[in-house]
Amino acid sequence: MAEANYSFGMIGLGTMGRSLLLNMADHNFSVAGYDKDLEKTSLLETEGAGKPVKGFNSLPEFIQSLQSPRSVMMLVPAGKIVDSVIEDLIPLLDKGDLIIDGGNSHFTDTNRRVTYLDEKGLNFFGMGVSGGEEGARRGPSIMPGGNKEAYQHVKYIFEAIAAKVDGEPCVTYIGPGAAGHFVKMVHNGIEYGLMQLISETYEILRKGLKLDNNAIQKVFAQWNEGRLQSFLIEITTNIFKFKQTGADHLLVDDIKDEARSKGTGKWTSQVAMDLQLPATVIDTAVSMRDLSKYKSLRVQLSASFGNDEIDLGVTDKAAFLVALEQAFYFAMITAYAQGMHLLSKASAEYQYELNMAEIAKIWRGGCIIRSTFLEDIYKAFSKDSNLEHLLLDADVQALVNETLPGIRSVVSGAISSGLAIPAYAASISYFDTIRSGRMPSNLIQAQRDYFGAHTYELKGEYGFYHTEWNPDV
């Protein structure tokens, strides 16, 4: 039998799982890893040479090596594999032990697993981890949700390995049940929106302004030195410098224009619709990834309608780039605002009791959507923990008003020229609608009542009404 020498265990020693364990070992935690693949356990021990790290290929021996109460984290593909691993673990664990799912599981699956394992006396966490391979190895943003008392057993480990901003760890207890996985899902939805906006910016620069890759790289590099500084802008800057060995052109030009996804953006849109809360930038980003897959259809329609010879008619490129920076900033604010609004609504609906300021705070470092603007979001919710919508904050309103001319100019010019910028357009349409004290929805209600007797409400009156709109029919 293996001696109980290790304070934390990891199941699944792929890139993320192995990197997290090595991060823990760097902070002097004794850790064990399990994988059926002998090469992966061997690689763990090779990379962790001289550190308190041990790899196992036997699940019982792995569990026996962990100190009680045991903390076991899974980093395996979401879905049935998670349930399978849980079933393998149950007979090997004792009451009070903790299982952590660090993958991108759907929050409803996490809810089911929390209830199921609670009945067996086991604690279960759904925990979001953002930052990719580099984040896992050097400091991710971590979003744990589940039993608050159980979190205390691993809190000191996660605070040690998380990214730090102003000396504070980018991890916090998110809330009960599936709160951690829900927040990570929305994080990924915002990520979809930001990535779509960056790709549309690329389209504007390339197709609209006819800039070459070197000039495009300089635009993104300049943005990353200012208020648009973010991880996604930073890596975009690097992408526009990368050539494979021996190549005379950028790798990005060889990549097929068909975007893939793992589903978390779609989940965000689906949940937002279930909660009847608009997240139009995220919805558009999901739709555009889907549309990109119809390559052959797009090529056919391009031959019929044409979409290559587009000219924005810009005479002063420097002035236009100033407007484009404003437009991106405005659209970026909208993407974050929609995500935060969804979190607020879900917190009330699912009783997560989310601390919005803390969520913004831990997203400032380590995660994929980290950006300078998250400091503004953190300040907004720190001033008012009950802030219903980010656009209600006075400081954010000032930023919106400053960047409005840019978004209007860029979107109107692009649409007039036939340049597709759906996420940019969604951001300004969302803003113009949500600031409307009176929408034309009264006509929709009249139509619904006309053809389906669905009733309507009247201004200043209580109750529902129905009218025979065409009594002669």
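Structure's up top.
Residues numbered from 1 in each chain as written. Predicted model: local features only at pLDDT ≥ 70, side-chain atom pairs only at ≥ 80, totals over all residues. Heavy atoms only, no water.

**A word on the overall build of the protein chain**
Alright, step 1. Looking only at helices and strands, the protein chain features 20 helices and nine strands.
Alright, step 2. Taken over the C-alpha trace, the protein chain has a radius of gyration of 25 Å; the compact-globule value for 473 residues is 23 Å, and the two agree within 12%.
Alright, step 3. Overall, the C-alpha framework of the protein chain stretches about 80 × 70 × 45 Å when taken along its three principal axes.
Alright, step 4. Split into buried and exposed, the 473 residues of the protein chain put 51% on the buried side.
Alright, step 5. Long-range contacts, defined here as pairs at least 24 residues apart, represent 68% of the contacts in the protein chain between residues at least 6 apart.
Alright, step 6. As displayed, the protein chain offers around 22700 Å² of accessible surface, 51% of which is attributable to carbon and sulfur atoms. (Helix = DSSP H or I, 4+ residues; strand = E, 2+ residues; numbered from the N terminus. Rg over C-alpha atoms; globule rule 2.2 N^0.38 Å. Buried < 20%, exposed > 50% of the residue type's maximum accessible area, 1.4 Å probe, protein only. Contact = heavy atoms within 4.5 Å. Areas by Shrake-Rupley, 256 points an atom, 1.4 Å probe, with all protein chains shown as cover.)

**Re the packing of aromatic side chains**
Alright, step 1. Counted by the stated rule, this structure contains 22 aromatic pairs.
Alright, step 2. With a centroid separation of 5.4 Å and an interplanar angle of 85°, the aromatic rings of Phe330 and Phe431 are classed as edge-to-face. Placement of the pair is Phe330 in helix α15 (residues 317–350) and Phe431 in helix α19 (residues 422–434), with a sequence separation of 101 residues. The residues Phe330 and Phe431 share a single accessibility class, namely buried.
Alright, step 3. A centroid spacing of 6.3 Å and a plane angle of 25° characterise the contact between Tyr450 and Trp469, whose relative ring orientation is stacked. You can see Tyr450 sitting in helix α20 (residues 441–452) and its partner Trp469 sitting in the segment after α20, a full 19 residues away along the chain.
Alright, step 4. The partly exposed category is assigned to Tyr450, whose relative accessible area is 48%.
Alright, step 5. You can call Trp469 partly exposed: its relative accessible area is 38%.
Alright, step 6. Through a chain of ring-to-ring contacts, the aromatic side chains of Tyr202, Phe220, Trp223, Phe240 and Phe328 assemble into a single cluster. (Phe/Tyr/Trp six-rings, centres within 6.5 Å; stacked < 30°, edge-to-face > 60°.)

**Some thoughts on the pairing of strand β1 (residues 8–11)**
Alright, step 1. Here β1 shows no split at all, with Phe8 and Met10 on one side and Gly9 and Ile11 on the other all buried.
Alright, step 2. Relative to strand β2 (residues 31–34), β1 is paired through four bridges, and the arrangement is parallel. Looking at the pairing, Gly9 lines up with Ala32 of β2.
Alright, step 3. Running through helix α1 (residues 15–26), the crossover from β1 to the neighbouring parallel element β2 is right-handed. (Pairing = 2+ DSSP bridges. Right-handed = clockwise from strand over helix to strand, strands pointing away.)

**Description of the packing of helix α9 (residues 179–208) against helix α12 (residues 264–274)**
Alright, step 1. At a closest axis distance of 8 Å, the pairing of α9 and α12 adopts a crossing angle of 105°. Judged on the interaxial angle alone, α12 and α9 are roughly perpendicular. Listed contacts from α12 to Phe182, Met185, Val186, Asn188, Gly189 and Tyr192 of α9 are Thr264, Gly265, Trp267, Thr268 and Val271.
Alright, step 2. Taken together, the residues that form the contact of α9 with α12 break down as six nonpolar, five polar and no charged. (Axes fitted to C-alpha atoms, helices over the stretch in contact; angles between N-to-C directions. Parallel < 35°, antiparallel > 145°, perpendicular 65-115°, else oblique. Nonpolar A, V, L, I, M, F, W, Y, C, P; charged D, E, K, R; others polar.)

**Topic: the environment of Ala414**
Alright, step 1. Considering the arrangement of structural elements, one finds Ala414 in helix α18 (residues 394–417).
Alright, step 2. On the accessibility criterion, Ala414 (1% relative accessible area) is buried.
Alright, step 3. Separated by 101 residues in sequence, Ala414 and Gly313 have C-alpha atoms that sit 9.8 Å apart.
Alright, step 4. Leave out the neighbours within four places in its chain, and Ala414 touches Leu312, Leu419 and Ile421.

**Some words on the nonpolar core**
Alright, step 1. Within the largest apolar cluster, 92 residues are counted, with the highest numbers of intra-cluster contacts made by Leu343, Trp363 and Tyr424.
Alright, step 2. Broken down by element, the residue count for this core peaks at 17 residues, all from α15.
Alright, step 3. Once residues within four sequence positions are removed from consideration, Leu343 is found in contact with Phe182, Val183, Val186, Leu354, Met356, Ile359 and Trp363.
Alright, step 4. Counting 31 residues, the second-largest nonpolar core is a separate cluster that includes Met127, Ile142, Ala150 and Tyr151. (Core = buried A, V, L, I, M, F, W, Y, C linked by side-chain atoms within 4.5 Å.)

**Topic: the pattern of salt bridges**
Alright, step 1. Scanning all chains against the criterion turns up 28 salt bridges.
Alright, step 2. For Arg137, the salt bridge is made with Asp26, and the minimal N-O distance between the two is 2.4 Å. With Arg137 in helix α6 (residues 132–138) and Asp26 in helix α1, the pair connects residues that are 111 residues apart, well separated along the chain.
Alright, step 3. Classification of Arg137 by relative accessible area gives buried; the value is 16%.
Alright, step 4. Close ionic contact of Arg364 with Glu375 constitutes a salt bridge, the shortest N to O distance being 2.9 Å. One end of the pair, Arg364, is in the loop between α16 (356–362) and α17 (373–383); the other, Glu375, is in helix α17, and 11 residues separate them in sequence.
Alright, step 5. With a relative accessible area of 11%, Arg364 lands in the buried category.
Alright, step 6. A single salt-bridge network, built from bridges that share partners, covers Asp166, Glu168, Glu358, Lys361, Arg364 and Glu375. (Salt bridge = Lys/Arg side-chain N within 4 Å of Asp/Glu carboxyl O.)

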